[in-house]
Amino acid sequence: SMGAVALVFALTVAVPPLLHPWLRWAIVGAGLSQLGFLGFQLWQLLHMTAEEKSKRTFHFWRDSLRGSFGNRVVTAAFLAFCLPLCPVWAMPLIGLGLVATNSFTALGGAALGLALLHPAWVVFWGPGVALAVCSVIYWRGNPIDSFSERKIIWRLCLEDWWYARRRDFWLGQGHDAFAHHARWWMAQGIVRQRYSQAHNDAVQVLMEYGALGGLVLLAWLGLLVFGMSLGDPWTAAVAVALFCSLNQFTLHLPNTGLPVVVAAGVIWSRRL
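Before going into details, it helps to say that this report is about the structure given with it. Since the model is a prediction, treat every value here as computed from it, not as a measurement.

Further remarks concern the overall build of the protein. When you go through the protein residue by residue, the secondary structure sums to 14 helices and zero strands. In sequence order, the secondary structure elements of the protein are arranged as α-α-α-α-α-α-α-α-α-α-α-α-α-α. What you see for the protein is a C-alpha radius of gyration of 20 Å, in line with the 19 Å of a compact globule of 272 residues. Over its C-alpha atoms, taken along the principal directions, the protein stretches across nearly 60 × 55 × 35 Å. Looking at the protein residue by residue over its 272 residues, the buried ones come to 44%. Summarising the internal contacts of the protein: among those between residues at least 6 apart in sequence, 76% fall at separations of at least 24. Per element, the accessible surface of the protein, about 14300 Å² overall, is 70% carbon and sulfur. Of note, the protein has its 19 positive side-chain charges centred 3 Å away from the centre of its 12 negative side-chain charges.

This is the structure we're talking about:
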């Protein structure tokens, strides 16, 4: 999988700048297609019989719009990533998709992306973000319980890395090590459910690839910064993805991670 990521990144860096708009529109098109899926899922919900609707719980209704990814928070993070790359006319549509998917993290990432892309527009889109937050609070409810559980997971990951033998501290415990630990933590009753990912890509990288892996990734991001700039859509999109990856697993999934690699490749090519 790491080889595929490196290949996509290298191929993107080699793409001539003249073709970068095509890459941008490909990502935007994928984001707009998710809005189509959300609309179709909403149509299905509205055409349920009254008897079917009466059997559904509040949790079902707030978790029903998932897009083609099958997970509303993953879809929401992808929409937030697409938002800075969209033309102005499509931004309100992406905003509706973010409200429909009810993710605090994605909404925060979208606000960050807009602030980096159009800092002078904050006074205009700020009230819209506030209304969106109110909607997510109503549908999503209190996020503290979910966040508290994730903090336990992050602490366990950091402890496993920090107190590991010297080799594992520097080189990590290997790909997918988190999944093995997560099963044991749930079996011991330390956490209430088994997490497939750590919901924090930085913490999971430390655990699986060690201090050296973390330093390599940090050095790569440091070099990437030299190609970034305020008001640049690609910069804003990558910033959104990195923000979301600190409370989700955006970079671990190919359908959300590879578009981020493409955006990073476009930025990196400017350094050359």
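This part is about the environment of F78. Within the element layout of this structure, F78 appears in helix α5 (residues 72–82). Note on F78: relative accessible area 4%, which makes it buried. Sequence-wise, F78 and A241 are 163 residues apart; in three dimensions their C-alpha atoms are separated by 8.0 Å.

To continue, consider a nonpolar patch on the surface. A cluster of nonpolar side chains, W170, L171, L212, L215 and L218, forms an exposed patch at the surface whose accessible area comes to about 500 Å². Broken down by secondary-structure element, the contributors of at least two residues to the nonpolar patch are α10 (166–171) and α12 (201–224). Ranked by residue count, the leading element in the nonpolar patch is α12, at three residues.

On to the layout of surface pockets. Approximately 1300 Å³ is the volume attributed to the largest pocket. Of the residues belonging to the lining of the largest pocket, the class tally is 27 nonpolar, nine polar and three charged. Approximately 670 Å³ is the volume found for the second largest pocket. Along the wall of the second largest pocket there are 26 residues; nearest its centre are R72, V73, R140, S146 and R150. Secondary-structure elements contributing two or more residues to the lining of the second largest pocket are α4 (58–62), α5, α7 (104–117) and α9 (144–162).

Quick look at the nonpolar core now. Ranked by internal contacts, the top residues of the largest apolar core, which has 46 residues, are I27, F81, L85, I94, L98 and W234. At the level of secondary structure, the elements contributing two or more residues to this core comprise α1 (2–14), α2 (20–46), α5, α6 (91–101), α7, α8 (122–140), α13 (233–245) and α14 (254–271). Ignoring sequence-local partners within four residues, the contact set of L98 consists of A76, L79, A80, S103, A106 and A110. One finds I153, A182, V191 and A198 within the second-largest nonpolar core, a separate group that totals 12 residues.

Within this structure, the stated rule accounts for one cavity of 30 Å³ or more. Quantified by volume, the largest cavity comes out at close to 40 Å³. Lining the largest cavity are V74, A77, Q248, F249, T250, L253 and T256. The residue inventory of the lining of the largest cavity, partitioned by class, reads four nonpolar, three polar and no charged.

Helix length check: α7 (14 residues) gives 20 Å between terminal C-alpha atoms against 20 Å at 1.5 Å per residue, within 8%. All buried positions along α7 are accounted for by T105, A106, L107, G109, A110, A111, G113, L114 and L117. Elements in contact with the buried residues of α7: α5, α6, α8 and α13.

Under the defined criterion, the tally for this structure stands at 16 aromatic pairs. For the cation-ring pair, R56 lies above F60, with the distance from its terminal atom to the ring centre recorded as 4.7 Å.

Once that is clear, we can look at unusual backbone geometry. Positive phi outside glycine occurs at N102, with the angle close to 55°. Relative to the assigned elements, N102 resides in the loop between α6 and α7. You will see that H199, though not glycine, has its phi angle at about 60°, which is positive. Inspection of the secondary structure puts H199 in the loop between α11 (177–187) and α12.

Right, let's get into α1. Compared with the 18 Å implied by 1.5 Å per residue over 13 residues, the 18 Å span of α1 between its first and last C-alpha is a close match. Those residues of α1 that fall on the buried side of the exposure criterion are F9, T12 and V13. One side of α1 carries all its buried residues, which in axial view fall inside an arc of 100°. The exposed residues of α1 that point more than 90 degrees off its buried face are G3, L7, L11 and A14. Looking at the buried residues of α1, the elements they touch are α2, α12 and α14.

Definitions and limits used
- Residues numbered from 1 in each chain as written.
- Predicted model: local features only at pLDDT ≥ 70, side-chain atom pairs only at ≥ 80, totals over all residues.
- Heavy atoms only, no water.
- Helix = DSSP H or I, 4+ residues; strand = E, 2+ residues; numbered from the N terminus.
- Rg over C-alpha atoms; globule rule 2.2 N^0.38 Å.
- Buried < 20%, exposed > 50% of the residue type's maximum accessible area, 1.4 Å probe, protein only.
- Contact = heavy atoms within 4.5 Å.
- Areas by Shrake-Rupley, 256 points an atom, 1.4 Å probe, with all protein chains shown as cover.
- Lys, Arg positive; Asp, Glu negative; His and termini not counted.
- Charge placed at Lys NZ, Arg CZ, Asp CG, Glu CD.
- Patch = residues over 30% accessible without salt bridge, like charges linked within 9 Å, V, L, I, M, F, W, Y side chains within 5 Å.
- Salt bridge = Lys/Arg side-chain N within 4 Å of Asp/Glu carboxyl O.
- 1 Å grid on protein atoms, 1.4 Å probe; cavity = no way out; pocket = protein on both sides within 12 Å on 5 of 7 lines; lining within 4 Å.
- Points joined across faces, edges and corners; volume = space filled by probe spheres on them.
- Nonpolar A, V, L, I, M, F, W, Y, C, P; charged D, E, K, R; others polar.
- Core = buried A, V, L, I, M, F, W, Y, C linked by side-chain atoms within 4.5 Å.
- Expected span 1.5 Å × (residues − 1).
- Phe/Tyr/Trp six-rings, centres within 6.5 Å; stacked < 30°, edge-to-face > 60°.
- Lys NZ or Arg CZ within 6 Å of the ring centre and 35° of its normal.
- Arc of directions from axis to C-beta.

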